[in-house]
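In case you want the letters, here they are:
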Amino acid sequence: MAAKIKKGDKVIVLTGRDKGKTGEVLRVAPAENRAVVQGVNLVKRHQRASQTSEGGILNKEAPIHLSNIALVDPKENKPTRVGFVVKDGEKKRVAKRSGDVIDG
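Residues numbered from 1 in each chain as written. Predicted model: local features only at pLDDT ≥ 70, side-chain atom pairs only at ≥ 80, totals over all residues. Heavy atoms only, no water.

**Some thoughts on the environment of glutamate 90**
Applicable threshold: By the criteria applied, helices consist of DSSP H or I runs no shorter than four residues and strands consist of E runs no shorter than two, each listed in order from the N terminus. Partly exposed residues are those whose accessible area sits between 20% and 50% of the maximum for their type, while under 20% is buried and over 50% is exposed, using a 1.4 Å probe and protein chains only.
Locating glutamate 90 in the fold gives a position in strand 10 (residues 90-95). Assessed through its relative accessible area of 47%, glutamate 90 is described here as partly exposed. Residues glutamate 90 and histidine 46 lie 44 residues apart in sequence; the distance between their C-alpha atoms is 46 Å.

Printed below as a string of structure tokens:
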């Protein structure tokens, strides 16, 4: 199955502690159905000091399940589902809300 959410996409959180927040996808793990979104699902990471970095408590983005995020429609700036359409032999992602082509 083709990826509906890719690295670099602008997404919005639909449920959970960070509901309503938007951010850019930094990483996608299709095998686990999870993505890391910038500024969303922050957790405290207790880091031990090493020779290269100092210790302390760091804020770090944790992966969030793909079902809890939705792509932001480029036209309306609201969450949208993603569909696919084949144009000129190329498969393109399309926003279901507005019908706009997302990539390309």
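There is more to say after this.
**Regarding the nonpolar core**
Keep this limit in mind: Only buried residues count toward a nonpolar core. Its members are Ala, Val, Leu, Ile, Met, Phe, Trp, Tyr and Cys residues joined through side-chain atoms within 4.5 Å.
The biggest cluster of nonpolar side chains holds 11 residues, and these are Ile5, Val11, Val13, Val25, Ala35, Val37, Val40, Ile64, Ile69, Leu71 and Val82. Elements represented by at least two residues in this core include exactly strand 1 (10-13), strand 3 (34-37) and strand 7 (69-72).

**Quick word on unusual backbone geometry**
Unusually for a residue other than glycine, asparagine 33 sits at a positive phi of about 55 degrees. As for its placement among the helices and strands, asparagine 33 is situated in the loop between strand 2 (22-29) and strand 3. In this structure asparagine 33 comes out as partly exposed when scored by relative accessible area, which is 39%. The phi torsion at asparagine 41 lies on the positive side, around 60 degrees, for a residue other than glycine. Relative to the helices and strands, asparagine 41 is located in the loop between strand 3 and strand 4 (42-47).

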